[in-house]
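# A look at the structure
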Amino acid sequence: MKPTQEFDLHAIEVFIMTVELGGMSQCALHLQITQSAVSQTIARLEANIGTPLFDRSMRPLGLTTSGRSLFERGKRLLALARSTYDDIRVGANLPLASLTLAMSFSLAYQLTATIMSNLGDRAERWNIRSGISQEHQGEFMARDIDVLMTGSYNLEHRDNVELHPVFEEGFVIVTPANYRKPLQIDVDNHELPFIRFSHLTGMGQQIERQIVRLKLNLRQVVEVESSHQQLALVAAGLGWTITSPICLLAAPELLRKTRIEPMPRGRFSRTVQVVSRVGELGTLPQDIAKVCANELREVTFPPLFEHIPWMKEQVSWHA
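All of these numbers come straight from a predicted model, not from anything done at the bench.

## Considerations on helix α2 (residues 24-31)
All buried positions along α2 are accounted for by M24, C27 and A28. For α2, the arc enclosing every buried residue in end-on projection is 100 degrees, short of the 170-degree limit, so these residues lie on one face. On its buried face, α2 is in contact with α1 (9-21), α3 (35-49) and β1 (54-55). One or two residues past the end of α2 sits Q32, with phi positive at roughly 60 degrees.

## Quick look at the side chain of T258
Considering the arrangement of structural elements, one finds T258 in strand β11 (residues 258-262). Among the polar contacts listed, one links the side chain of T258 to the backbone oxygen of L255, at a separation of 2.9 Å. Contact partners of T258, with chain neighbours within four places excluded, come to V174, T175, P176, A177, V234 and A235.

## What about the sheet that holds strand β12 (residues 269-277)?
The sheet built from six strands is open, its strands ordered β4-β3-β5-β12-β6-β13 with mixed pairing. The strands lining the two open edges of the sheet, one partner per strand, are β4 (126-130) and β13 (315-317). Here the average twist between neighbouring strands, direction ignored, is 15 degrees. Sheet analysis places strand β3 (residues 99-103) next to β4, joined by five bridges and oriented parallel. The residue bridging A102 from the neighbouring strand is R129, located in β4.

## With respect to the packing of aromatic side chains
Under the defined criterion, the tally for this structure stands at seven aromatic pairs. Ring geometry for F167 and W317: centres 5.7 Å apart, planes at 45 degrees, overall tilted. A residue pair is termed long-range when its members are at least 10 positions apart, and F167 in strand β6 (residues 161-170) and W317 in strand β13 qualify at 150 residues. On the basis of relative accessibility, which here comes to 0%, the residue F167 falls in the buried class. Judged by centre distance (4.4 Å) and plane angle (15 degrees), the rings of F171 and F268 are stacked. Note that F171 is positioned in the loop between β6 and β7 (172-176) and F268 in the loop between β11 and β12, a separation of 97 residues in sequence. Look at F171 and you get buried, because its relative accessible area is 2%. Classification of F268 as buried rests on a relative accessible area of 12%. Members of the aromatic cluster, joined through ring pairs, are F167, F301, F305 and W317. One Lys or Arg, R277, reaches over the ring of F140 and ends 4.3 Å from the middle of that ring. The positively charged end of R297 is found above the aromatic ring belonging to W317, 5.4 Å away from the centroid.

About the criteria used
Residues numbered from 1 in each chain as written. Predicted model: local features only at pLDDT ≥ 70, side-chain atom pairs only at ≥ 80, totals over all residues. Heavy atoms only, no water. Buried < 20%, exposed > 50% of the residue type's maximum accessible area, 1.4 Å probe, protein only. Helix = DSSP H or I, 4+ residues; strand = E, 2+ residues; numbered from the N terminus. Arc of directions from axis to C-beta. Contact = heavy atoms within 4.5 Å. Polar contact = N/O pair within 3.5 Å; in protein donor to acceptor, adjacent residues only side chain to side chain. Pairing = 2+ DSSP bridges. Axes fitted to C-alpha atoms, helices over the stretch in contact; angles between N-to-C directions. Phe/Tyr/Trp six-rings, centres within 6.5 Å; stacked < 30°, edge-to-face > 60°. Lys NZ or Arg CZ within 6 Å of the ring centre and 35° of its normal.

Interpretation in functional terms is not warranted from these geometric data alone.
What follows is the structure, encoded as structure tokens:
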């Protein structure tokens, strides 16, 4: 049986984007079209299929049984369409037309040149973004980003996502170099207040969850969004903080002005991984994970391990 003449992958993509972004107005804003255009596209799709996809009596819109079925099958269908295109290019030894990869500031600083040197010929045009991981996750779900390298866990349980771990790192404490007293993290330290990493970042949220779990009452001086800001404030003697080994490398010139120790209790870690959609980019996401792991293991981390030998025990490798 031939598909109806009106069968339209774009309409299915608009429908899926509407569901993932939470409504037609959000989808229209993302696509930079009118909400009416989104509504008409979905109405035509419902007419062609012959059944409603949304329960319009609900606020916000809910999916009908047919809508839930199309949402799940449509994601697989779009993934197959994209992978078919890419597989043909790969089979003909042609690079992908374009690829958008997003990382945190600290990872982008360490890994952009390595990725391009080793894998640059795998796409005709690369767009490498750096910034806050929580914003990147929303852009990934909206298909503005193809590959995401992140230490956040919000995408782990989605069935259309594949994960390629790169490394795991334990969190550490950083104080000014001239602060020689034992740091008691479970008491309010008026002499040396806490410098928070932004709750808008995945790492900041993970640190905050651990602070809550340990029932710490920490006096805050400032909240920052970058590792360099964080270490600069500590090096200046303005407080102490919790961070990770890769973030320490954002400002290696400041390490001699700081004192770095393992968490005295409540030790925790994060796994940095490459995230992509299932079956859409072949082996490229896995290759990115391997190239980055090798660079970090062989080039990036050894100077830190030489400066702080016990730090080697805080990092383990997956790729």
